[in-house]
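# Chain and residue survey
Below, each chain spelled out in residue letters.
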Amino acid sequence: MGTDRASARAVVFTPLDPHSRAETVVRRLTDAITFGLLTDAEQLPSEAELAAQFGVSRVTVREALVALRHRDLLETRRGRGGGSFVRAPADTVLLARLGELSLPNLQDTADHYVAIAGAAARLAAQRATPDDIERVEEETRDRGWPVHRVERAFHLEVAAVAQSARLAREEVRFATELGTLLWSPVLHSDDTGDPHAEHRAITAAIAEGDDDLARRLTEEHIETAVERLINLHLTLVEP
Amino acid sequence: MGQATTRTAAPAGAALAGHVTTLAEQTFTVADQLRRLTEDLFAGGVPHSADLAVLRPQVVAALGGLITGAGVITTPLADDRSGLEWWMDSRPEGRTRLELDLDPASDTFVDVSRQAWFAVPRTTGRRHVTGPYVDYVCAEQYTLTFTVPLTVRGAFAGIAGADVFVGDLERALRPALRAVGASVALVNTQGRVIAGNTAHHITGSLVREPHIRAALQEATTQTLADGASVIPCGTLPLAVLTWP
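Since the structure is predicted, the reported quantities are computational estimates derived from the model, not experimental observations.

Reading guide: rules and limits
Residues numbered from 1 in each chain as written. Chains lettered and ligands numbered in written order. Predicted model: local features only at pLDDT ≥ 70, side-chain atom pairs only at ≥ 80, totals over all residues. Heavy atoms only, no water. Helix = DSSP H or I, 4+ residues; strand = E, 2+ residues; numbered from the N terminus. Contact = heavy atoms within 4.5 Å. Areas by Shrake-Rupley, 256 points an atom, 1.4 Å probe, with all protein chains shown as cover. Pairing = 2+ DSSP bridges. Axes fitted to C-alpha atoms, helices over the stretch in contact; angles between N-to-C directions. Buried area = accessible area lost by both parts, 1.4 Å probe. Salt bridge = Lys/Arg side-chain N within 4 Å of Asp/Glu carboxyl O. Polar contact = N/O pair within 3.5 Å; in protein donor to acceptor, adjacent residues only side chain to side chain. pLDDT = per-residue confidence, 0-100. Buried < 20%, exposed > 50% of the residue type's maximum accessible area, 1.4 Å probe, protein only. 1 Å grid on protein atoms, 1.4 Å probe; cavity = no way out; pocket = protein on both sides within 12 Å on 5 of 7 lines; lining within 4 Å. Points joined across faces, edges and corners; volume = space filled by probe spheres on them.

## Points about the overall build of chain B
Secondary structure assignment for chain B yields five helices and 11 strands. Look at the contacts in chain B between residues 6 or more apart in sequence, and 53% of them connect residues 24 or more apart. Approximately 11000 Å² of chain B is accessible, and the part contributed by carbon and sulfur atoms is 53%.

## So, the sheet that holds strand β8 (residues 193–196) of chain B
Residues and elements named next belong to chain B. Strand order in the open sheet formed by five strands is β8-β7-β11-β10-β9, with antiparallel pairing between adjacent strands. At either end of the open sheet lies a strand with only one pairing partner, and these are β8 and β9 (222–223). Summarising the sheet, strand β10 (residues 229–232) and strand β11 (residues 238–243) pair through four bridges and their orientation is antiparallel. Within β11, the residue paired with V230 across the bridge is L241. Against the sheet, helix α4 (residues 166–179) makes contact with β7 (183–188) and β8, and its axis sits at roughly 40 degrees relative to β8, the strand it touches most.

## Remarks on the interface of chain B and chain A
Contacts between chain B and chain A engage 20 residues on the former and 23 residues on the latter. Interface of chain B and chain A: buried area, both sides summed, is about 1800 Å²; carbon and sulfur atoms make up 43% of it. Summed over the shared surface of chain B and chain A, the number is three salt bridges. Residue R114 of chain B is joined to E138 of chain A by a salt bridge in which the shortest nitrogen-to-oxygen separation is 3.0 Å. For the pair chain B and chain A, the number of links is 10 residue pairs in polar contact (both at pLDDT 80 or more). Broken down by element, the side of chain B that touches chain A gets its largest block of residues, three residues, from strand β4 (residues 128–135) of chain B.

## Focus on the confidence of the model for chain A
Per-residue confidence for chain A gives a mean pLDDT of 83, with 81% of residues at or over 70. Here helix α1 (residues 2–12) of chain A stands out as the element of chain A with the lowest mean pLDDT, 54, in contrast to helix α10 (residues 195–208) of chain A, whose mean of 95 is the highest.

## Focus on unusual backbone geometry
Residues and elements named next belong to chain B. With an omega of 10 degrees, the peptide bond running from G131 to P132 counts as cis. Position of P132 relative to the elements: it lies in strand β4. For R153, which is not a glycine, the phi torsion comes out positive at approximately 45 degrees. With respect to the element layout, R153 can be found in the loop between β5 (141–152) and β6 (155–165). In this structure R153 comes out as exposed when scored by relative accessible area, which is 61%.

## Comments concerning the layout of surface pockets
Estimates place the volume of the second largest pocket at around 1300 Å³. For the lining of the second largest pocket, the secondary structure elements donating two or more residues are α7 (130–138) and α8 (147–161) of chain A together with α3 (116–124), β4 and α5 (211–218) of chain B. Looking at which element gives the most residues to the lining of the second largest pocket, the answer is β4 of chain B, with eight residues.

## Notes on the environment of F85 of chain A
Along the chain, F85 of chain A turns up in strand β2 (residues 83–86). Placed 47 residues apart in sequence, F85 of chain A and L38 of chain A show a C-alpha to C-alpha distance of 9.8 Å.

## Let's talk about the sheet that holds β4 of chain B
Residues and elements named next belong to chain B. Strand order across the open sheet formed by six strands is β3-β2-β1-β6-β5-β4, with antiparallel pairing between neighbours. Of all the strands in the sheet, the pair left with one neighbour each is β3 (96–97) and β4. Pairing analysis gives six bridges linking β4 to β5, with the strands arranged antiparallel. Note that in β5 the partner of V129 across the bridge is F146.

## Here we look at the environment of R28 of chain A
Residue and element names in this part refer to chain A. Tracing the backbone shows R28 in helix α2 (residues 18–34). Taking the C-alpha atoms as reference points, R28 and E177, separated by 149 residues in sequence, lie 6.7 Å from one another. Non-local contacts of R28, meaning those with residues more than four positions away in its chain, are made with F54 and T176.

## What about the pattern of salt bridges?
The final tally for this structure, using the stated rule, is 19 salt bridges over all chains. For the salt bridge of E220 of chain A with R216 of chain A, the shortest nitrogen-to-oxygen distance reads 3.1 Å. Linking E220 of chain A with R216 of chain A, this pair stays in helix α11 (residues 211–237), spanning four residues, or about one helical turn. Ionic pairing is found between D89 of chain B and R91 of chain B, a salt bridge with its closest N-O pair at 2.7 Å. A residue is classified by how much of its surface remains accessible, and R91 of chain B, at 44% relative accessible area, is partly exposed. Each of E138, E139 and R143 of chain A together with R114 of chain B takes part in salt bridges that share partners, so that together they form one network.

Shown next as structure tokens:
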């Protein structure tokens, strides 16, 4: 017991690697550019603003911007009206980015996300008031949003109804880290079905107070999306 | 059964209800001061959104103690933009100004009109306690938000308010919770537990008891069939439940 606790504590206090922060910034911006959230020729905020928004130092931001320039995803113009501008890649770059992903890492991230979203749905079913259910139902209305935005809004509201600030924070984190990939338009065509239909089924289970069903439906909803992503990944890495 | 009965002695939990009322009224006083300062800004005509920056010293001064967020959010002003002067963090070194994404096309768009802390004072014209709720718009914490409507020439012009983290409030109430000497829970109108002294009624859980709403509407203490008491906290949408 004592040693378990000691080793667990040692992990907690492992120093944060400053390079991994720059890599995180690179990954987020790469995803945002390759998945079209940042559009061609769009100007990025200043280094200082990016540093404040990501909660990292300006040095880290600068390191990340250099890496993005090397990958031809950014262009830097000097002088008046200068700054960092997005260079949107062709579809092939997007698919290449997906092909580069490590499958075990992707699976691990997805497993973690399923655990978070499933637990949130279970607690929401136990703790929702009629007002809460109305709020979740509102997120299942079709507002013409892109899939990743629909998914973010729905699962965040469920985590809020679960009365868990931690689960809500994790939802926000996953929406940024995994959401743009998992719910990319590349993976969603007419035959993948209406995301609102699955959301409505989860909402009904929450309204019924059926916590096991709410969790299972949420897990299946995300696992199906992960499967699509992995299948596309495997197609891409085949010679 | 389930009817209100008159009690001669103050029920267990009355002191806790009084303590909660005092803390909540103090928080509303802070919100009300910000409301008055903001309404004064409208005296010479509708201001521009940037004009709200003059409120900054008073907004920042409102932070501290239990208050971890405070400020004003208006309907669109002379420049067609909503005024937003809201600051967070009770520690001086942690102060940050709230930035809301008000672009409807954005993934992280915040529709202020959908938030209860804005919508309820707009609809009712009265003050409101929102929560406990997961505030993913501001501090990403489990929060109570106390808001009052801004009224300019008879029309709703926005809200002034203050945030209290549920965790901080629970800590402040702990001695009073212990002193009750029976099972007790502080709940909102829906029966959502803000703080309690048993594992059964833990923060965030729900007491499904329809009499809570009735007791709060009448603002009188009620004794329920199972011997539980519902003690309203003044005229606030909060009540103390005690079980024998």
